[in-house]
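Inside the fold
Residues per chain, in single letters:
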Amino acid sequence: MRNERQNDTIAAIATPPGEGGIAIVRISGACAGEFLRAAFRPAHKGEMKHGQMRYGTLTDPTGAPIDEVMAVFFRAPRSYTREDVAEIHLHGGSMCARAAMERLLSLGARAAEPGEFTYRAFMNGRVDLSEAEAVMGLIGARSQAARRASIRQLRGGVSAPIGRMREELTGLLAKIEAATDFPDEIDEDVTAKDVREGASRIRNELSRAADGRRARIVRDGASVVLCGRPNVGKSSLMNALLSADRAIVTDIPGTTRDTVETKVTLGGYLFRLVDTAGLRDSDDPIEQLGVARSRQALAEADLVLAVCDGTQPLTEEDHDLLREALAQADTILLANKRDLPDFALPQPAANDAPNTLTVVPLSAKTGDGLATLETTLAQRAETLLPQAAQSAAGELLTNQRQTQAAQRALDGVTRARDALDLGMTPDALLTDVEAALEALGELTGRTVREDITARIFS
Ligand code: GDP
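The paragraphs below set out a description of the structure included in this document.

**A look at the overall build of the protein chain**
Of the regular secondary structure elements, the protein chain holds 15 helices and 14 strands. Carbon together with sulfur atoms contributes 51% to the accessible area of the protein chain, which is approximately 22,200 Å² in total.

What follows is the structure, encoded as structure tokens:
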């Protein structure tokens, strides 16, 4: 498939469809320079220099102008794909870019497949797999947190520590092999001790890496569950939060009939808001189903917003709900209807664990207090997500493929350690350490199978 076509020159419109100031057409491959020379006439004489933006005219085969453009040429290997690359910056809207594409195709370029520029960057060793995924993560980022994780990953935040772990494992492998090959000269106990120590270091780092929760929060947003008695204002609050979202809101059909899930960006963080049906025990089988689903949502919540009506004292049901929420996740108590004269701050009981409970008074009706809630939510999201630039590799893994590879590496190292604990000789660990190494290699794409890379880039 793609590999056989690695030698041709590809072209694609790099900017999104629709009207805009500029449209960019990008070309990569051995003929990029030739195609550019054929179709682009610089306004001033002189060779195109590497990385220099030139003004001129893009022309059709008869020499008639297609558009007035800026063009730039990057000579291999100093380009994104490590091939010769040209970019033509045209006027926005789709017509100029399409005409430019037609011109390039008629010259012999092939229309690039989605992700093919980055695929070439990967195949040519310009980026490793985790970095290529980071590029795609940056492009697809739906929150500032996702963008930060991707840019850190792109800058080698994953590759470097994974590389160190690979080195350590390779060292252990060599020791195990030596102990197996020269059992008389090498002390098995010393090897076992080294392997145990190395394994425990790597396990520490990998167990964080394999924690899919962070990756999920970065990618899909933290799950925030809204719960509360009927009529306290959950739906009104949900609507108020949605209109506070100035980014794009995607409605996701609820996974169940009774929980509605909506993605929303607040304070730069992506959240999945889940509105629950209620938690009150009931005899009605339909309601019971709803309650079971609400409990399920609560069990999976990263954060709970427990809503109460601030014009009434907390009821027994409110207390039950709070206790249940606090048992599951970090909880914020929202005292709603602050706009009404009867409003008073609720008094959580001691066994509602008031120490860890933040109370935010607000009004879903007037919007008063929503900004405070937004800040509070952003602060909580921040504690759930990696912040420090030097955070461990694991905290930077952003997709399932990566966390699963980390999990396999962790499994291999754990099996090796367990085998040692059972008193097995070093040679019995070989396969497990090798499996761990292979999984680590997959993370950065060193040992990944071609069918997998093809899937990732498509
Ligand atoms: P839910 O059953 O918890 O989803 O509650 P709703 O959002 O349907 O609200 C119940 C009632 O309370 C509705 O009549 C809302 O208009 C009203 N309500 C909700 N929030 C506020 C608020 O902040 N102030 C006032 N005055 N009324 C509110």
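So that's the structure; there's more coming.
**Digging into unusual backbone geometry**
Of note, the bond from Ala-76 into Pro-77 is cis; its omega dihedral lies within 30 degrees of zero at 5 degrees. The residue Pro-77 is located in the loop between β5 (65-74) and β6 (85-91) in this model. Notably, Arg-82 is not glycine yet its phi reads approximately 70 degrees, a positive angle. Tracing the chain through its elements places Arg-82 in the loop between β5 and β6. Positive phi is not limited to glycine here, since Lys-337 has a value of about 70 degrees. Mapped onto the fold, Lys-337 is located in the loop between β13 (330-336) and β14 (358-361). Lys-337 gets classed as partly exposed once you look at its relative accessible area, which sits at 21%.

**Some details on the packing of aromatic side chains**
Pairs of aromatic rings are described using the distance from one ring centre to the other and the angle between the two planes. One pass over the structure, following the stated rule, counts zero aromatic pairs. Here the basic side chain of Arg-26 rests over the ring of Phe-117, its NZ or CZ set 4.3 Å away from the ring centre.

**Regarding the pattern of salt bridges**
Here the structure, examined in full by the defined rule, presents 19 salt bridges. Arg-120 is paired through a salt bridge with Asp-8; the nearest N and O atoms lie 2.7 Å apart. Taken together, the residues span a long stretch of sequence, with Arg-120 in helix α3 (residues 116-123) and Asp-8 in the segment before β1 (10-13) at a distance of 112 residues. You can call Arg-120 buried: its relative accessible area is 0%. Residue classification places Asp-8 among the partly exposed positions, given a relative accessible area of 23%. For Arg-323, the salt bridge is made with Asp-320, and the minimal N-O distance between the two is 2.8 Å. Here Arg-323 and its partner Asp-320 are both found in helix α11 (residues 316-328), three residues apart, which amounts to about one turn of the helix. Here the salt bridges do not stand alone but share partners, grouping Asp-8, Glu-83, Arg-110, Glu-113, Glu-116 and Arg-120 into one network.

**Quick look at the pairing of β1**
Summarising the sheet, β1 and strand β2 (residues 22-28) pair through four bridges and their orientation is antiparallel. Across the sheet, the residue bridging to Ala-11 is Ile-27, located in β2. Alignment of β1 against strand β7 (residues 110-111), held across two bridges, turns out to be parallel. Bridge pairing in β7 places Ile-10 opposite Arg-110.

**What about the sheet that holds strand β3 (residues 40-42)?**
Taken together, seven strands build an open sheet; the order of strands is β3-β4-β5-β6-β2-β1-β7 and the sheet is mixed. Lying at the two open borders of the sheet, with one neighbouring strand each, are β3 and β7. Alignment of β5 against β6, held across five bridges, turns out to be antiparallel. Bridged to Phe-74 within β6 is Val-85.

**Description of the environment of Leu-105**
Examined against the element boundaries, Leu-105 turns out to sit in helix α2 (residues 94-107). Note: C-alpha distance between Leu-105 and Ile-10 (95 residues apart in sequence) is 8.8 Å. Ignoring sequence-local partners within four residues, the contact set of Leu-105 consists of Arg-110 and Ala-111.

**Focus: the site of the ligand**
Close contacts around the ligand come from 15 residues, with Asn-231, Lys-234, Ser-235, Ser-236 and Asp-339 the closest. In the environment of the ligand, an oxygen atom lies 3.1 Å from a nitrogen or oxygen atom belonging to the side chain of Ser-363. Relative to its free-state accessible area of 590 Å², the ligand is covered by the protein chains to the extent of 71%. Among the elements that line the shell around the ligand, the one with the most residues is helix α9 (residues 234-244), at three residues.

**Considering a nonpolar patch on the surface**
Together, Met-53, Tyr-55 and Met-70 make up an exposed nonpolar region whose accessible area comes to about 260 Å². On the accessibility criterion, Tyr-55 (41% relative accessible area) is partly exposed.

**Some words on a negative patch on the surface**
Side chains of Asp-187, Glu-188, Asp-189 and Asp-427 sit close together on the surface and give a patch of like negative charge. With respect to the helices, strands and loops of the structure, Asp-189 is situated in helix α7 (residues 188-209). Accessibility expressed as a relative area gives 60% for Asp-189, which makes it exposed.

**Topic: helix α13 (residues 400-421)**
Compared with an ideal rise of 1.5 Å per residue, which puts 22 residues at 32 Å, α13 spans 31 Å between its outermost C-alpha atoms and is within 8% of the ideal. Positive phi shows up at Gly-423, right after α13, with a value of about 85 degrees.

**Focus on the packing of helix α1 (residues 32-39) against α2**
Packing of α1 against α2 brings their axes to within 10 Å, and their N-to-C directions diverge by 120 degrees. By the angle between their axes, α1 is oblique relative to α2. In this structure, α1 meets α2 at a crossing whose hand is right-handed. Listed contacts from α2 to Phe-35, Ala-38 and Ala-39 of α1 are Arg-103, Leu-104 and Leu-107. Split by residue class, the contact of α1 with α2 holds five nonpolar, no polar and one charged.

**Considering helix α12 (residues 370-384)**
An ideal rise of 1.5 Å per residue puts 21 Å on 15 residues; α12 measures up with 21 Å between its terminal C-alpha atoms. Three or more residues of α12 are buried, namely Leu-370, Leu-373, Glu-374, Thr-376, Leu-377, Ala-378, Arg-380, Ala-381 and Leu-384.

**Quick word on the side chain of Thr-376**
Residue position: Thr-376 is located in helix α12. Note on Thr-376: relative accessible area 9%, which makes it buried. Among residues more than four places away in sequence, those in contact with Thr-376 are Ile-332 and Val-360.

The rules behind these values
- Residues numbered from 1 in each chain as written.
- Predicted model: local features only at pLDDT ≥ 70, side-chain atom pairs only at ≥ 80, totals over all residues.
- Heavy atoms only, no water.
- Helix = DSSP H or I, 4+ residues; strand = E, 2+ residues; numbered from the N terminus.
- Areas by Shrake-Rupley, 256 points an atom, 1.4 Å probe, with all protein chains shown as cover.
- Buried < 20%, exposed > 50% of the residue type's maximum accessible area, 1.4 Å probe, protein only.
- Phe/Tyr/Trp six-rings, centres within 6.5 Å; stacked < 30°, edge-to-face > 60°.
- Lys NZ or Arg CZ within 6 Å of the ring centre and 35° of its normal.
- Salt bridge = Lys/Arg side-chain N within 4 Å of Asp/Glu carboxyl O.
- Pairing = 2+ DSSP bridges.
- Contact = heavy atoms within 4.5 Å.
- Near = heavy atom within 4 Å.
- Polar contact = N/O pair within 3.5 Å; in protein donor to acceptor, adjacent residues only side chain to side chain.
- Patch = residues over 30% accessible without salt bridge, like charges linked within 9 Å, V, L, I, M, F, W, Y side chains within 5 Å.
- Lys, Arg positive; Asp, Glu negative; His and termini not counted.
- Charge placed at Lys NZ, Arg CZ, Asp CG, Glu CD.
- Expected span 1.5 Å × (residues − 1).
- Axes fitted to C-alpha atoms, helices over the stretch in contact; angles between N-to-C directions.
- Parallel < 35°, antiparallel > 145°, perpendicular 65-115°, else oblique.
- Left-handed = near helix turned anticlockwise from the far one by under 90°.
- Nonpolar A, V, L, I, M, F, W, Y, C, P; charged D, E, K, R; others polar.

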